[in-house]
Amino acid sequence: MRDVTTAQPLDVQPTPLALLLLGREADPKSERGVECPGDLPSPSDPDLVERARAAKEKLGDKVFVLGHHYQRDEVIQFADVTGDSFKLARDAAARPEAEYIVFCGVHFMAESADILTTDDQKVVLPDLAAGCSMADMATAEQVAECWDVLTEAGIAEQVVPVSYMNSSADIKAFTGKHGGTICTSSNAKRALDWAFEQGEKVLFLPDQHLGRNTAVREMGMTLDDCVLYNPHKPNGGLTVEQLRDAKMILWRGHCSVHGRFSLDSVEDVRARIPGVNVLVHPECKHEVVAAADYVGSTEYIIKTLEAAPAGSKWAIGTELNLVRRVAAAHPDKEVVFLDKTVCFCSTMNRIDLPHLVWALESLAEGNLVNRIQVDKETESFAKLALERMLALP
């Protein structure tokens, strides 16, 4: 037996990836930024709300604060507008007089705002570590390799890429460059209808569930019409025959929040709350969506609750901050979270009040911090894909 009392300490040197995950290094090519120069106010500072209000008032019309629905209440209270990612990017573009766009969301959202706003406007993300696990599941290198696989299979000319809004600027640019379009969870069917008018197949990036649910639930396809491309396997883990037979080539990506909901969650809540309406986001797994009563985007969820009769019961499968907010807004209805365990979007919640105060006070003092800026070539092709979406009937 080894004598642990005399064992020598292991000489282990952390790898760059380990340091990145620990937050001690930065990868400029990744969404997961980790640097935040300057000192943040203490999270327990009782004056944070007043400091945020004062800094925002000092900036006046120079600043426009966007708040995504999944943000915590302490941040949302300072948003000039709230909404989903695309609505917020369009709202930013509609305010050309605002010099600073402070985006309380995640990295890909701030990129989209930078793409759609003028060169004179500066988009700020209060915490560069606010990335998106789904967007990180498709890198430009992986998607380029996938296109090579499709080319070698002799089908690339038949394939139209459709990328979800929840993707990096690089992926949006790839989509624009290859004749594709962007979609949101609200207009995915329209985007796919357009794509199938252009070609015979679709490469859907990066969320497999939205692509599958839209194709099967709304377009009459079967699960056999869909194949799953895994970027971590040779040829995506698919044969040439599978690629040639498929209508929908789905990227192996998902939302870490919506992916946790299960069929057991649906069955459990129905057993606990008789007469409950199950309302879920289309980023949920297909079996969850199939078992739900209502399926729709974040905006659809909000509007459905607004229109629901008093006394009705709802179990909602989406991010917990939003569920809490709609529950508080409708005390005449019983609103519960679909899963029994807490499910915040961890990266979205990195935008907290200390980071927002730090960003606003820095801007008020004339210091531009955490600017999100997309290079011109990437911007041009990404904007082309976004404009195709805007032109959808």
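Quantities reported herein were computed from a predicted structural model and do not represent experimental measurements.

Q: Account for the overall build of the protein chain, naming residues and giving values.
A: A tally of helices and strands in the protein chain yields 17 helices and 14 strands. In the protein chain, which comprises 393 residues, the proportion classed as buried is 55%. Of all intrachain contacts in the protein chain linking residues separated by at least 6 positions in sequence, the fraction that spans at least 24 positions is 66%. Carbon together with sulfur atoms contributes 49% to the accessible area of the protein chain, which is approximately 17,900 Å² in total.

Q: Describe in detail the sheet that holds strand β3 (residues 100-104), supporting the description with residues and values.
A: What the five strands build is an open sheet, ordered β2-β1-β3-β4-β14; its pairing is mixed. With one partner strand each, in any of the chains shown, β2 (81-83) and β14 (371-372) form the two edges of the open sheet. Across two bridges, strand β4 (residues 122-124) lies against β14 in antiparallel orientation. Bridging across to β14, Val124 finds its partner in Arg371.

Q: A description of the packing of helix α8 (residues 169-177) against helix α17 (residues 376-390) should follow, citing residues and the corresponding values.
A: Following both chains from N to C, one finds α8 and α17 inclined at 65°, their axes separated by 7 Å at the closest point. By the angle between their axes, α8 is roughly perpendicular relative to α17. The way α8 lies across α17 gives a crossing that is left-handed. Residues Ala169, Asp170, Lys172, Ala173, Thr175, Gly176 and Lys177 of α8 form the contact with α17, whose participating residues are Glu377, Thr378, Phe381, Ala382, Leu384, Ala385 and Arg388. Among the residues forming the contact of α8 with α17, the class breakdown is six nonpolar, three polar and five charged.

Q: An account of the pattern of salt bridges is needed here, citing residue identities and associated values.
A: Enumeration according to the criterion identifies 16 salt bridges in this entry. Two residues, Arg53 and Glu50, come together in a salt bridge whose shortest N-O distance is 3.3 Å. Residue Arg53 and its partner Glu50 are both found in helix α2 (residues 48-59); the two are separated by three residues, about one turn of the helix. Exposure remark for Glu50: the relative accessible area of 47% places this residue in the partly exposed category.

Q: I'd like a rundown of helix α9 (residues 188-198), residues and numbers included.
A: For α9, the complete set of buried residues consists of Ala188, Ala191, Leu192, Trp194 and Ala195. Along the long axis of α9, the arc covered by the buried residues comes to 160°, so they all point the same way. Residues of α9 that are buried sit in contact with β5 (159-164), β6 (181-183), β7 (201-205), α10 (208-219), β9 (248-251) and α17.

Q: Which residues make up the sheet that holds strand β12 (residues 313-317), and what values go with them?
A: Strand order in this open sheet of four strands is β11-β10-β12-β13, and the pairing throughout is parallel. In the strand order of this sheet, the two ends are held by β11 (294-295) and β13 (334-337), each with one partner. Here two bridges tie strand β10 (residues 277-280) to β11, and the two strands are oriented parallel to one another. Each residue of the ladder has a partner; that of Val280, found in β11, is Val295. Running at roughly 155° to β10, helix α14 (residues 298-307) makes contact with β10, β11, β12 and β13 of the sheet.

Q: Can you tell me about the side chain of Thr318, naming the residues and giving the values?
A: Summarising the element assignment, Thr318 is placed in the loop between β12 and α15 (320-329). At 2.8 Å, the side chain of Thr318 forms a polar contact with the side chain of His258.

Q: I'd like a rundown of the pairing of β10, residues and numbers included.
A: Two faces make up the sheet, and in a regular strand the side chains alternate between them. Burial of the side chains of β10 extends over both faces: Asn277 and Leu279 are buried on one face and Val278 and Val280 on the other. Here β10 runs beside β12; their pairing, made up of four bridges, is parallel. When the bridges of β12 are listed, Leu279 appears paired with Ile316. Between the parallel elements β10 and β11, the chain passes through helix α13 (residues 286-291) in a crossover that is right-handed.

Q: Talk me through the nonpolar core; I want residue IDs and the actual numbers.
A: Formed by 106 residues in total, the largest nonpolar core has its most connected members in Val102, Phe204, Met248, Val280, Ile316 and Leu360. When residues of this core are assigned to their parent elements, the largest contribution, eight residues, is made by helix α16 (residues 353-364). Residue contacts for Phe204: discarding those within four places in its chain leaves Val162, Cys183, Leu192, Leu210, Gly211, Met248, Ile249, Leu250 and Trp251. Grouped together as the second largest cluster of nonpolar side chains are 21 residues, Ala138, Leu150, Leu205 and Ala246 included.

Q: Hey, could you go over α2 for me, with residue numbers and the actual values?
A: In a regular helix each residue adds 1.5 Å, so 12 residues correspond to 16 Å; α2 covers 17 Å between its end C-alpha atoms and thus fits that length. Listed as buried for α2 are Leu48, Ala52, Ala55, Lys56 and Leu59. Along α2, the residues classed as buried sweep out an arc of 95° about the axis, all on the same side. Turned more than 90 degrees away from the buried face of α2 sit Glu57 and Lys58, all of them exposed. Summarising the contacts, the buried residues of α2 are in contact with β1 (63-68), β3 and α16. Positive phi appears at Gly60, one or two residues downstream of α2, with a value of about 60°.

Q: Please provide a residue-by-residue account of the packing of aromatic side chains, values included.
A: Working definition: an aromatic ring pair is given by the centre-to-centre distance plus the angle between the planes. Overall, the coordinates contain four aromatic pairs when judged by the stated rule. Between Trp147 and Phe174, the ring centres sit 5.6 Å apart and the planes meet at 80°, which makes this aromatic pair edge-to-face. Residue Trp147 is found in helix α7 (residues 140-152), and its partner Phe174 is found in helix α8; the two are separated by 27 residues along the sequence. Ring plane angle 45° and centroid distance 5.3 Å describe the contact between Tyr294 and Trp314, whose orientation is recorded as tilted. Here Tyr294, found in strand β11, pairs with Trp314, found in strand β12; they are 20 residues apart in sequence, far enough to count as distant.

Each value, and the rule that gives it
Residues numbered from 1 in each chain as written. Predicted model: local features only at pLDDT ≥ 70, side-chain atom pairs only at ≥ 80, totals over all residues. Heavy atoms only, no water. Helix = DSSP H or I, 4+ residues; strand = E, 2+ residues; numbered from the N terminus. Buried < 20%, exposed > 50% of the residue type's maximum accessible area, 1.4 Å probe, protein only. Contact = heavy atoms within 4.5 Å. Areas by Shrake-Rupley, 256 points an atom, 1.4 Å probe, with all protein chains shown as cover. Pairing = 2+ DSSP bridges. Axes fitted to C-alpha atoms, helices over the stretch in contact; angles between N-to-C directions. Parallel < 35°, antiparallel > 145°, perpendicular 65-115°, else oblique. Left-handed = near helix turned anticlockwise from the far one by under 90°. Nonpolar A, V, L, I, M, F, W, Y, C, P; charged D, E, K, R; others polar. Salt bridge = Lys/Arg side-chain N within 4 Å of Asp/Glu carboxyl O. Arc of directions from axis to C-beta. Polar contact = N/O pair within 3.5 Å; in protein donor to acceptor, adjacent residues only side chain to side chain. Right-handed = clockwise from strand over helix to strand, strands pointing away. Core = buried A, V, L, I, M, F, W, Y, C linked by side-chain atoms within 4.5 Å. Expected span 1.5 Å × (residues − 1). Phe/Tyr/Trp six-rings, centres within 6.5 Å; stacked < 30°, edge-to-face > 60°.

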